[in-house]
Amino acid sequence: MSKEKIYDTIIIGAGPAGLSAALYAGRARLSTLLIEKEKDGGQIVITSEVENYPGGVDHESGATLIGRMVKQVEQFGAEKIFDTVTELKFEGKTKTVVGSKGVYKGKTVIVATGAHPRPIGCPGEKEFVGKGVSYCATCDAPFFEELEVFVVGGGDSAVEEAMHIAKYARQVTIIHRRDTLKAAKSIQEKAFKHPKLKFMWDTVVTELKGEGILNAMTVKNLKTGETKEIEAHEDDGTFGVFGFVGLVPHSELVEGKLNLEYGYIKTDEDMKTNIDGVFAAGDIRVKSLRQVVTAAADGAIAATQAEHYINK
């Protein structure tokens, strides 16, 4: 990779949106650089089962879907590097992306940095990450074989992952701050029929405790104000708490540069931001639905619009 090279497009983030953008850009014969901080796939790579991606294979996981996307991108010649982007300079016709390993220049930039799980937000949470607290069912559910697990949240992800955890755990209790789930009706129907799932309504976790490993927590009923201590069974010694309470956008790099709404990048339907030649795609963008299928669509549109911008 030449240090003097100016790419047609630089894509930041190799989740479904970034990979889709790289596929479309490469296929359009644009010189394309895809920069990823840690690992390909974003949020979906830790999902155990993907049932709602059109044309997906039976028993599709996030990892297998991303694996196929990565191979497609490689076929169309996009360059890919692993680097941590530390600064973005959008002034002028040539945009500059500063990473810890190098400086990269492009005619256009597609920001597809995604989002990360929102913390539960209680004392003790940080101390017990990896010691009872997790945000990834695919990664950590097997560690709770025949133990009790609590899942915090009530949306699609929370309920779907609770059912996945139930493949391993003795019992899974969904703790939700409201008295009804936010998950899709079809998911709720499965959950209410599941023999291992229980529900704790109108409740939040106020503290997580333990000595070296999580073995107790305090919960509070928001309607009655009553608090309750939950302790691990003496034969278990611990239990699991999995948080699925939403996402936090990775938008620190563009604060003060791009127009944001609650931390998410505002774009038009063509993925254009308030700066010419800069586009955004995927979970980082203001949108009504954050799914693999919408991220892939965003990436395709962003790359196509980048091509139009360059041709003009």
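Before any of the text, the structure's been laid out above.
Residues numbered from 1 in each chain as written. Predicted model: local features only at pLDDT ≥ 70, side-chain atom pairs only at ≥ 80, totals over all residues. Heavy atoms only, no water.

### Focus: the state of the cysteines
Throughout the structure, instances matching the rule amount to zero disulfides. Note on Cys-122: no disulfide assigned, nearest cysteine sulfur contributed by Cys-136 at a separation of 19 Å. Under the relative-accessibility criterion, Cys-122 is labelled buried at 10%. (Disulfide = S-S within 2.5 Å. Buried < 20%, exposed > 50% of the residue type's maximum accessible area, 1.4 Å probe, protein only.)

### Some thoughts on helix α5 (residues 185-193)
Among the residues of α5, those classed as buried are Ile-187, Gln-188 and Ala-191. For α5, the buried positions fall inside an angular range of 100 degrees around the axis, keeping them on one side. Those residues of α5 that are exposed and aimed more than 90 degrees away from the buried face are Lys-185 and Lys-193. In this structure, the buried side of α5 is in contact with α4 (156-165) and β11 (197-200). (Helix = DSSP H or I, 4+ residues; strand = E, 2+ residues; numbered from the N terminus. Arc of directions from axis to C-beta. Contact = heavy atoms within 4.5 Å.)

### Some points on the packing of α4 against α5
Where α4 meets α5, the axes come as close as 10 Å, and the angle between the chain directions of the two elements is 35 degrees. Relative to α5, the crossing made by α4 is left-handed. Touching Asp-156, Val-159, Glu-160 and Met-163 of α4 are Ile-187, Lys-190 and Ala-191, all from α5. Residues belonging to the contact of α4 with α5 are distributed by class as follows: four nonpolar, no polar and three charged. (Axes fitted to C-alpha atoms, helices over the stretch in contact; angles between N-to-C directions. Left-handed = near helix turned anticlockwise from the far one by under 90°. Nonpolar A, V, L, I, M, F, W, Y, C, P; charged D, E, K, R; others polar.)

### Quick look at the packing of aromatic side chains
Centre-to-centre distance and the angle between the planes together describe a pair of aromatic rings. Applying the stated criterion to the full structure yields five aromatic pairs. Geometrically, the ring pair formed by Phe-144 and Phe-242 is edge-to-face, given 5.5 Å between the ring centres and 70 degrees between the ring planes. Here Phe-144 is found in the loop between α3 (137-140) and β9 (148-152), whereas its partner Phe-242 is found in strand β15 (residues 240-243), with 98 residues between them in sequence. The class for Phe-242 is buried, based on a relative accessible area of 0%. A centroid spacing of 5.4 Å and a plane angle of 75 degrees characterise the contact between Phe-150 and Phe-239, whose relative ring orientation is edge-to-face. (Phe/Tyr/Trp six-rings, centres within 6.5 Å; stacked < 30°, edge-to-face > 60°.)

### Details of unusual backbone geometry
Glycine aside, the phi torsion of most residues is negative, and most peptide linkages are trans. A positive phi angle is found at Arg-29, which is not glycine, with a value near 65 degrees. Within the secondary structure layout, Arg-29 lies in the loop between α1 (16-27) and β2 (32-36). The backbone of Tyr-262 sits at a positive phi, close to 55 degrees, despite the residue not being glycine. Here Tyr-262 shows up in the loop between β17 (260-261) and β18 (264-265).

### Overview of the sheet that holds strand β14 (residues 227-231)
Spatial strand order, β12-β13-β14: three strands in an open sheet with antiparallel pairing. Every interior strand has two partners, whereas the edge strands, β12 (203-210) and β14, have only one. Averaged over all pairs of adjacent strands, the angle between strand axes in this sheet comes to 25 degrees, irrespective of strand direction. (Pairing = 2+ DSSP bridges.)

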